[in-house]
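# Remarks on the overall topology
Below, each chain spelled out in residue letters.
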Amino acid sequence: MMTVYGTRPEAIKVAPVVTALAASDALDGITVVTGQHREMLDQVNAVFGIRPEHDLDVMSHGQSLSQIFTRVMARLDDVLTVEQPDAVLVQGDTTTSTAAAMAAFNRRIPVVHLEAGLRSGDLTSPFPEEANRRLTTQITDLHLAPTAMSRDNLLREGVRPETVVVTGNTVIDALLDVVDRPALFQDPAVAAVAARGGALLLVTTHRRENWGLPMRNIGAALGALADAFPWLTVVLPAHRNPLVRDAVLPAVRGRSNVVITEPLCYSDFVHLTARATVVLTDSGGVQEEAPSLGKPVLVMRDNTERPEAVDAGTVRLVGTDARRIVGEVSHLLTDTNAYGRMARAVNPYGDGRAAARSVAALAELLGVGSRIDEFRAAPVLAALPSLAV
Ligand code: UD1
Ligand code: UDP
């Protein structure tokens with residue numbers, strides 16, 4: 001059973017599956033990284049103690065989507081020839097994910113899609129992820145859907161029901177693993193912020209469709225918020241992409257209450273999320289994690305493929321207009337009732353057993369086991385003492 005992944009979010013979400021495969025008697029796991037991300041990928045593997053057997057090392061600065069796609073396909077093809085896996089698991093909607101699925105499909109190797117069935121309904125947003133995930137669906141043999149909504153998306157598109165298993169999202173397995181570890185912040189600036197107390201706005205941004213003007217607007221909004229609320233600390237772990245840094249950082253630098261860091265290791269990021277007052281992001285994974293920690297999430301996008309936490313009231317779409325972002329964050333920081341309505345721990349995405357369900361479904365696919373009970377979302381997460389902040 002081969003797992004292929006290449007970026008930070010894929011690494012976080014496959015880590016529980018890779019670990020469960022290593023512990024499985026029925027299945028032999030083999031791990032391949034494409035290296036679409038370099039530092040941010042290696043950081044996650046280090047946190048989870050994963051040492052991949054193969055590294056395709058495809059990252060180059062300024063890489064185009066087609067360069068990533070073709071390098072992954074060509075280099076993975078060589079590894080598939082050598083290893084001849086019984087199935088290949090890919091995660092999510094990155095270029096690594098779809099290119100790896102295509103490479104396996106071309107060799108008639110069954111494809112397993114982890115986090116299958118997410119849909120925004122708009123091919124241009126997120127770009128190119130909405131197209132990637134739809135393409136992968138077409139060549140997938142086993143669809144591991146995180147929620148009932150994602151399963152229903154697949155069934156509406158004509159996917160055969162017996163090929164879909166609702167597992168919950170493995171990101172919650174990863175989160176629960178890490179949140180239970182001691183909050184020993186590796187980044188000294190973050191350790192100082194966490195120790196200081198007071199209101200904290202945690203921000204991440206990287207989406208391709210936000211490059212350029214939307215990201216400059218995000219930078220302007222962060223600068224305005226830091227100036228308007230001197231008692232607020234804004235923490236921005238900056239994505240490694242130079243295009244992101246060039247757009248966002250000029251408008252926020254030089255303020256004593258703005259802390260700009262390198263990408264944080266997963267453990268630091270999770271513990272900082274638990275310490276945050278409000279989370280402002282265009283990330284997919286952060287939309288899933290922060291609700292579990294009872295944190296209001298303002299999403300700097302116009303749509304989402306993750307409507308479950310929006311429906312639960314913990315996530316709100318705010319777009320990328322600077323005035324709107326400033327208004328929405330200000331409202332949460334100054335209106336206790338509005339804050340209280342959003343700051344509820346809800347867990348529509350998982351219960352920490354997604355990897356176990358995934359490995360059981362893989363064993364069934366390969367004829368050496370059978371699937372277990374599917375994930376059902378509880379409406380509200382009961383007390384998780386270690387998550388208290
Ligand atoms: C990729 C995924 C996106 C995912 C995101 C998570 C695609 C098309 N996009 O977007 O779905 O949400 O990762 O962060 O697959 N870089 C480094 N070091 C790193 C990582 C990135 O230097 O560890 C720089 C490189 O210059 C690289 C650039 O960032 O060329 C962009 O990386 P890329 O993987 O092309 O796209 P992301 O925008 O990160
Ligand atoms: N994350 C991290 N360090 C950071 C910022 C984010 O470990 O400095 C984690 C975060 O907890 C989440 C994942 O990275 O699990 C999200 O990755 P990203 O936003 O890059 O991609 P997306 O989820 O949007 O595809």
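These lines cover the structure that appears in this document, whether it is placed above or below. Remember, predicted model here, so these are calculated numbers, not experimental data. (Residues numbered from 1 in each chain as written. Chains lettered and ligands numbered in written order. Predicted model: local features only at pLDDT ≥ 70, side-chain atom pairs only at ≥ 80, totals over all residues. Heavy atoms only, no water.)

## What about the packing of aromatic side chains?
Aromatic ring pairs are reported here in terms of the distance separating the ring centres and the angle at which the planes meet. For the record, the criterion: For Phe, Tyr and Trp, rings pair up if their centres lie within 6.5 Å, where Trp contributes its six-membered ring, and each pair is then called stacked (planes under 30 degrees apart), edge-to-face (over 60) or tilted (otherwise). Only protein chains enter the accessibility calculation, which uses a 1.4 Å probe; a residue whose area is less than 20% of its type maximum is buried, one above 50% is exposed, and one in between is partly exposed.
A complete count under the given rule lists 2 aromatic pairs for this structure. With a centroid separation of 5.2 Å and an interplanar angle of 70 degrees, the aromatic rings of phenylalanine 229 and tryptophan 231 are classed as edge-to-face. Among the residues examined, tryptophan 231 registers a relative accessible area of 48% and is labelled partly exposed.

## Some remarks on the pairing of strand S11 (residues 278-281)
Every regular strand shows the same layout, with side chains that alternate between the two sheet faces. We count it as follows: Numbering of helices and strands runs from the N terminus, with a helix taken as a DSSP run of H or I at least four residues long and a strand as a DSSP run of E at least two residues long. A strand pair is defined by DSSP finding two or more bridges across the two strands.
Alternating positions in S11 separate into two faces, Val278 and Leu280 on one and Val279 and Thr281 on the other, with burial throughout. Note: strand S8 (residues 200-204) against S11, 4 bridges, orientation parallel. Bridge pairing in S11 links leucine 202 to valine 279.

## Observations regarding the nonpolar core
Quick note on the threshold: To define a nonpolar core, start from buried Ala, Val, Leu, Ile, Met, Phe, Trp, Tyr and Cys residues and group those joined through side-chain atoms within 4.5 Å. We call two residues in contact when some of their heavy atoms are within 4.5 Å.
One finds Phe48, Leu89, Val112, Leu144, Tyr266, Leu272 and Leu362 to be the most contacted residues of the largest nonpolar core, which totals 58 residues. Among the elements that make up this core, the one with the highest residue count is helix H1 (residues 8-23) (7 residues). If sequence neighbours within four positions are ignored, leucine 272 has contacts with Phe185, Val190, Leu200, Leu202, Val235 and Leu264. Counting residues in hydrophobic clusters, the runner-up holds 29 residues, among them Val203, Leu225, Phe229 and Met342.

## Things to note about the site of ligand 2
Short version of the rule: A single heavy atom is enough: if one lies within 4 Å of a molecule or strand, its residue is considered near that molecule or strand. Under this definition, polar contacts are N or O atom pairs within 3.5 Å; protein pairs additionally need one hydrogen-donor-capable and one acceptor-capable atom, and for neighbouring residues in sequence, both atoms have to be side-chain atoms. The protein chains shown are the only cover counted for residues, whose accessible areas, like all others here, come from Shrake-Rupley with a 1.4 Å probe.
Residues in close proximity to ligand 2 total 15 residues, the closest being Leu264, Ser283, Gly284, Gly285 and Glu289. Here an oxygen atom of ligand 2 and a side-chain polar atom of histidine 206 are 2.9 Å apart. Between ligand 2 and serine 283 there is a distance of 2.8 Å, counted from an oxygen atom to a side-chain nitrogen or oxygen. When isolated, ligand 2 has an accessible area of 540 Å², and the protein chains bury 95% of it. Looking at the shell around ligand 2 element by element, the count peaks at 4 residues for helix H12 (residues 284-292).

## Quick notes on helix H11 (residues 266-275)
When you tally the buried positions in H11, you get 9 out of 10 residues, the bulk of the element. Within H11, burial applies to Tyr266, Ser267, Asp268, Phe269, Val270, His271, Leu272, Thr273 and Ala274.

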